[in-house]
Amino acid sequence: MEFYAYHGCLESERREGNRFRVDFAYDYDMRKAAHTDDLREAIDYSVIYELIRAEMDIPANLLEHLATRILNTLIDHFPRIEYAEVTVTKYNPPLPGKVESTSVTVTYE
């Protein structure tokens, strides 16, 4: 998922914003959803997107904090999740050299 958001420690990052990517991988017992073909038995990824979008709208200084906040929100909303991994990537971070992106990954087991 890609977002334009206002995360970072520098005032310019919070004022001008930047492009971010959020990757979310998860595992849960999906046998019932697979058998019934019923979305109510699955983890709806449109809800996942909306939860992540809402967290991306709240500025954070650190990617570590943002990724953990996203992970906790998703785990709280979907208690059936058994494993989850969130990676937040910031494109073109404000560094003195040429750096395409920087990423932080947090996991839940």
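Above: the structure in question.
Bear in mind that the values here come from a model prediction, so they are computed numbers and not experimental data.

A. Examining helix α4 (residues 63–77) more closely. The first and last C-alpha atoms of α4 sit 21 Å apart over 15 residues, in line with the 21 Å expected at 1.5 Å per residue. Looking at the buried residues of α4, the elements they touch are β2 (18–27), α3 (45–56), β3 (83–91) and β4 (101–108).

B. Looking closely at the layout of surface pockets. Its volume calculated, the largest pocket comes out at about 170 Å³. Forming the boundary of the largest pocket are 13 residues, of which Gly 8, Glu 13, Asn 61, Leu 63 and Lys 90 lie nearest the centre. Those elements that place two or more of their residues in the lining of the largest pocket are α4 and β4. For the lining of the largest pocket, the per-class residue count stands at seven nonpolar, three polar and three charged.

C. Examining the nonpolar core more closely. Within the largest apolar cluster, 27 residues are counted, with the highest numbers of intra-cluster contacts made by Ile 52, Met 56, Ile 70, Leu 74, Val 86 and Val 88. Looking at this core, the elements that each hand over two or more residues are β1 (2–5), β2, α3, α4, β3 and β4. A total of seven residues in this core trace back to one element, the largest contributor, which is α4. Once residues within four sequence positions are removed from consideration, Ile 70 is found in contact with Val 22, Ile 52, Glu 55, Met 56, Val 86 and Val 88.

D. Seen up close, the pairing of β1. Burial along β1 is one-sided: Phe 3 and Ala 5 are buried, and none of Glu 2 and Tyr 4, which face the opposite way, are. Pairing analysis gives four bridges linking β1 to β2, with the strands arranged antiparallel. Counted as the bridge partner of Tyr 4 is Arg 19 from β2.

Definitions and limits used
- For every chain, the first residue of the written sequence is number 1, and numbering continues from 1 along that sequence.
- It should be noted that, the model being predicted, local features are given only for residues of pLDDT at least 70 and side-chain atom pairs only at 80 or more, the latter also being counted only at that level, while totals for whole chains, interfaces and linings use all residues.
- With hydrogens and water set aside, each side-chain value is computed from the structure's full complement of heavy atoms.
- Elements are defined by DSSP. Helices are runs of H or I of four residues or more, strands are runs of E of two residues or more, and each kind is numbered from the N terminus.
- For a helix, the expected span equals 1.5 Å multiplied by the number of residues minus one.
- Residue contacts are defined here by distance: any two heavy atoms, one from each residue, within 4.5 Å place the two residues in contact.
- Definitions used throughout: a 1 Å grid over protein atoms alone; a cavity as a set of points that fits a 1.4 Å probe which cannot get out; a pocket as an open set with protein on both sides within 12 Å along at least five of seven lines; a lining residue as one with an atom within 4 Å of a point.
- Grid points are joined across faces, edges and corners, and a volume is the space filled by probe spheres set on the points.
- When residues are sorted by character, Ala, Val, Leu, Ile, Met, Phe, Trp, Tyr, Cys and Pro go into the nonpolar class, Asp, Glu, Lys and Arg into the charged class, and all the rest, Gly among them, into the polar class.
- For this analysis, a nonpolar core means a set of buried residues of the types Ala, Val, Leu, Ile, Met, Phe, Trp, Tyr and Cys, connected via side-chain atoms within 4.5 Å.
- Exposure categories follow from relative accessible area, calculated using a 1.4 Å probe and restricted to protein chains: below 20% of the type maximum is buried, above 50% is exposed, and the middle band is partly exposed.
- When DSSP finds two or more bridges between two strands, those strands count as paired.

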